[in-house]
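The chain contents come next:
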Amino acid sequence: MSLFYLSWPLKQLWKAALSVKIFHYLVSLFKDGMIAVMRTGPVPKHIALIMDGNRRYAKTKQLPLEEGHSAGAESLVDVLNVCYKVGIEQVTVYAFSIENFNRPKQEVDTLFGLLRDKLRFLSQNEESFASQNKIIIRILGNRSMIPADILHDLEFVEAKTKDFDTKKVFNVCFPYTSRDEIAAAIRSVVEARKSEEITIDSLNASMYFGPNSPPLDILIRTSGHQRLSDFMLWQCNYNCTIEFVQTLWPDFGFYSITKILLKWSYYKALQLEEESFTGMKKNPTKHVSDILKLLPPPPPFASVNQR
Amino acid sequence: MTVDHDIPHNRLAARPPPQDVSLRPDTSPDSPLQPPSYAGRSIGQVCLSLAKMLVGKNKPAAPSTPETSITSAVLFVINHTILLQIFFLLSIYKSIQYLYRKVALKYLTLAYYPNKSPHVIRDDVNKLTKIPKNISCILNLKHEDDENGGIDGLINQISEIAAWSLSAGVPQLSIYEYTGLVNRNHAAYLPLLTKDLSKNLANYFGTASIPTYSIRIPHKNIITYSAPGTTKVDLEITLLSRVDGKPTIVELTKTMSDLAINNELSVNDISIDLIDEELVELVGPEPDLVVCFAPYLDLQDYPPWHIRLSEIYWEQDNKDVNYAVFIRALKLYAHCKINVGK
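What you see is a predicted model, and the numbers here were worked out from it, not measured in a lab.

About the cut-offs
Residues numbered from 1 in each chain as written. Chains lettered and ligands numbered in written order. Predicted model: local features only at pLDDT ≥ 70, side-chain atom pairs only at ≥ 80, totals over all residues. Heavy atoms only, no water. Helix = DSSP H or I, 4+ residues; strand = E, 2+ residues; numbered from the N terminus. Contact = heavy atoms within 4.5 Å. Areas by Shrake-Rupley, 256 points an atom, 1.4 Å probe, with all protein chains shown as cover. Pairing = 2+ DSSP bridges. Axes fitted to C-alpha atoms, helices over the stretch in contact; angles between N-to-C directions. Parallel < 35°, antiparallel > 145°, perpendicular 65-115°, else oblique. Left-handed = near helix turned anticlockwise from the far one by under 90°. Nonpolar A, V, L, I, M, F, W, Y, C, P; charged D, E, K, R; others polar. Phe/Tyr/Trp six-rings, centres within 6.5 Å; stacked < 30°, edge-to-face > 60°. Buried < 20%, exposed > 50% of the residue type's maximum accessible area, 1.4 Å probe, protein only. Lys NZ or Arg CZ within 6 Å of the ring centre and 35° of its normal. Buried area = accessible area lost by both parts, 1.4 Å probe. Salt bridge = Lys/Arg side-chain N within 4 Å of Asp/Glu carboxyl O. Polar contact = N/O pair within 3.5 Å; in protein donor to acceptor, adjacent residues only side chain to side chain. UniProt positions renumbered as here; feature names shortened; annotations may be inferred. Patch = residues over 30% accessible without salt bridge, like charges linked within 9 Å, V, L, I, M, F, W, Y side chains within 5 Å. Lys, Arg positive; Asp, Glu negative; His and termini not counted. Charge placed at Lys NZ, Arg CZ, Asp CG, Glu CD.

1. Thoughts on the overall build of chain A
Consideration 1: Helices and strands together make up the secondary structure of chain A, namely twelve helices and six strands.
Consideration 2: Within chain A, contacts between residues at least 6 apart in sequence are counted, and of these 75% link residues at least 24 apart.
Consideration 3: About 16,600 Å² of surface is accessible on chain A, with carbon and sulfur atoms providing 57% of the total.

Laid out in structure tokens, this is it:
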């Protein structure tokens, strides 16, 4: 936490500097430049965020809990902005875990209300974020656990954005746990009672994310915990970069997400280069088995004892 | 190279058949899982690759929208060049970081040296406030020509980790190895493993009283005890591989589907608890701590159901199975705060 107190005056200074118009302009020019640069490299298709640390943020700053959550929502909008501009198709956030129902009722209600307000704010009118950037908002999770009035509002938000002709999707996991998702997928596969063979793909298709969702490339968890807390276990355990970041979620902004995306892009670029290199080498070996048949015919036999 | 010549003892209905190792067509079960190639790349190679990307044919094509004009193409080339410059700087930074981490790891290896003595390990562990009950280690099968590679290297690593766990007082250990080399050829390799393990434990604990252990391969439904006749052991070892992950869940779904068709199971009865109960029986309990002995974190298709709340630990740029990583993982676990949902 000592680091936090050190960075506090620096942050104030940064804010003051940003209030000077020309400086603000230069910074936003730099950000747009970075995004344009990142667009030209390999870009992940699907990233997931565990937004941890809102409460700790509020505690260290001695703010009410609600302020912590709304600061988190603000930084989410920042991060989403970067992600969609860079060209990421799907962003998934862990908005509310089924285990979160263990929290005090007052906080649960606050969280529900906040989520509803923020989603409405994102999609309400023509100028709002989701409408302007044409982003489809999907609510994924166990809907039977959402109170009726909030569910009604959420479905309204979903209906409003679902007709956009776009690949950009914002998945809100609410209320979600991965085990619940796997159990639901098993139930729906069993319920279908199809005669065809059950494979890994039929389970994949029955997950909340649906069959058309691209595989997860990056999973980010803020505030330093090194565990997955029941989030996207099925999706993140193969070919996925998992990043545990020390920053608290409200402090996670443009620079943090850029750092992670650049790192991923760097490794991916090298991997692609390597694959194209080794791939060229591998191709001729495919026909090795045919070599005997491809050889020209040998000269006629001349044997003493077999005529 | 490796042929499955054993008869599976299918006692449980939901046991997956042994031939389902090739569920993912792109990775042949016989080829050892290679860590992504960037893991131990030298700066020269990186520079070469970057230079190739700049001049090569296979760079990403500029967006070919109808309004593609010369300006946008030029802008794309400029931006892409800037990106490659950033990558170049990154590669220098990464090399320095790699060097720094290697030195740090070397220092740690010297600082935490178990000296094949359980007392030293127990002393280290007793400084911690809590330890996990179930540790899971993700091991990588290295190429046979490498140091600690092939089946011998793998068996060596398992024996060492088992000795550390026993000394630390952890009663359950599960070893995850993607290809499941030992699991598939247990008739040949399990005797090798028990021999090596007993020898190593004798090195640690003396020949007078070697701790007892059991080795379980859940996928084949095999369990062997070091001392025949006793089922109460000091350390329970479970060997897991890729087939214990998603393929087992698929098999479970098949079994449940069959039961549902015969009206022996109602769909509404399939709850998280039921699945959990079945999977604990089929694979094993949920580990408290997962230690990945690889230079970067890759879960390698680890059973997804089981990593729900596990602490995950790995050491950047570390390729070896060494005690320093093990004890540091235990330290992380001692400091973590477990609060489900709160």
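2. Focus: the sheet that holds strand 6 (residues 289-292) of chain B
All names here are of chain B.
Consideration 1: If you trace the seven strands from one edge of the open sheet to the other, you get 4-3-5-2-1-6-7, paired in mixed fashion. Since the sheet does not close on itself, it has two edges, and those belong to strand 4 (222-225) and strand 7 (311-314), each with one partner. Strand-to-strand twist of the sheet, defined as the mean angle between neighbouring strand axes without regard to direction, takes the value 20°.
Consideration 2: As defined by bridge partners, strand 1 (residues 134-139) adjoins strand 2 (residues 172-177) across six bridges and the pair is classed as parallel. The residue bridging Asn 134 from the neighbouring strand is Gln 172, located in strand 2.
Consideration 3: Contacting strand 1, strand 2 and strand 5 (235-240), helix 4 (residues 150-168) crosses the sheet at an angle of about 155° to strand 2.

3. Structural notes on the sheet that holds strand 1 (residues 46-50) of chain A
All names here are of chain A.
Consideration 1: Taken in spatial order, the six strands of this open sheet run 3-4-2-1-5-6, and their pairing is parallel. Pairing within the sheet leaves two strands with one partner each, and these edge strands are strand 3 (136-140) and strand 6 (241-244). For this sheet, the mean angle separating the axes of adjacent strands, direction not counted, is 15°.
Consideration 2: Examined bridge by bridge, strand 5 (residues 218-221) and strand 6 share four bridges and lie parallel to one another. Its bridge partner lying in strand 6, Ile 220 is registered against Glu 243.

4. So, the packing of helix 3 (residues 118-125) of chain B against helix 9 (residues 323-335) of chain B
All names here are of chain B.
Consideration 1: Close contact between helix 3 and helix 9 brings their axes to 10 Å; oriented N to C, the two are set at 30°. With respect to their mutual orientation, helix 3 and helix 9 come out roughly parallel. Taken as a pair, helix 3 and helix 9 cross one another with a handedness that is right-handed. Contacts from Ile 121, Asp 124 and Val 125 in helix 3 reach Tyr 323, Ile 327 and Leu 330 in helix 9.
Consideration 2: Looking at side-chain class alone, the contact of helix 3 with helix 9 contains five nonpolar, no polar and one charged residues.

5. With respect to the packing of aromatic side chains
Consideration 1: Following the criterion strictly, the structure yields 21 aromatic pairs over all chains and no others.
Consideration 2: Relative to Phe 326 of chain B, the ring of Trp 164 of chain B lies with its centre 5.6 Å away and its plane at 45°, an arrangement referred to as tilted. Taken together, the residues Trp 164 of chain B in helix 4 and Phe 326 of chain B in helix 9 connect sequence positions 162 residues apart. A single burial state applies to Trp 164 of chain B and to Phe 326 of chain B, both of which are buried.
Consideration 3: Looking at Lys 246 of chain B, its charged tip hangs above the ring of Trp 234 of chain A, at a distance of 5.1 Å from the centre.

6. Here we look at the interface of chain B and chain A
Where the parts come together, the accessible area they lose is often given as the size of the interface.
Consideration 1: With 65 residues of chain B at the interface, the matching set in chain A holds 53 residues.
Consideration 2: Roughly 5,600 Å² is buried in total at the junction of chain B and chain A, and carbon and sulfur atoms are behind 65% of that figure.
Consideration 3: Here chain B is connected to chain A by five salt bridges.
Consideration 4: Where Arg 179 of chain A meets Glu 286 of chain B, a salt bridge forms, and the shortest distance between an N and an O atom there is 3.3 Å.
Consideration 5: Taken together, the links from chain B to chain A amount to 15 residue pairs in polar contact (both at pLDDT 80 or more).
Consideration 6: Going through the elements one at a time, helix 1 (43-55), helix 2 (70-111), helix 7 (246-261), helix 8 (272-282) and strand 7 of chain B are the ones with two or more residues in the side of chain B that touches chain A.
Consideration 7: Of the residues that constitute the side of chain B that touches chain A, the class distribution is 35 nonpolar, 16 polar and 14 charged.

7. Here's the deal with the side chain of Ser 159 of chain B
All names here are of chain B.
Consideration 1: As for its position among the elements, Ser 159 is in helix 4.
Consideration 2: Among the residues examined, Ser 159 registers a relative accessible area of 0% and is labelled buried.
Consideration 3: A polar atom in the side chain of Ser 159 sits 2.7 Å from the backbone oxygen of Ile 155.
Consideration 4: Leave out the neighbours within four places in its chain, and Ser 159 touches Asp 196, Leu 197 and Asn 200.

8. A look at the UniProt feature "transmembrane region" (unreviewed entry) in chain B
Consideration 1: Sequence positions flagged by UniProt for "transmembrane region" (unreviewed entry) are, in local numbering, residues 73-93 of chain B.
Consideration 2: Counted over residues 73-93 of chain B, helix gives 100% and strand 0%. Its end C-alpha atoms are 30 Å apart.

9. Concerning a negative patch on the surface
Consideration 1: Residues Glu 144, Asp 145, Asp 146, Glu 147 and Asp 152 of chain B make up a contiguous surface patch of negative charge.
Consideration 2: Looking at the secondary structure, you find Glu 144 of chain B in the loop between strand 1 and helix 4.

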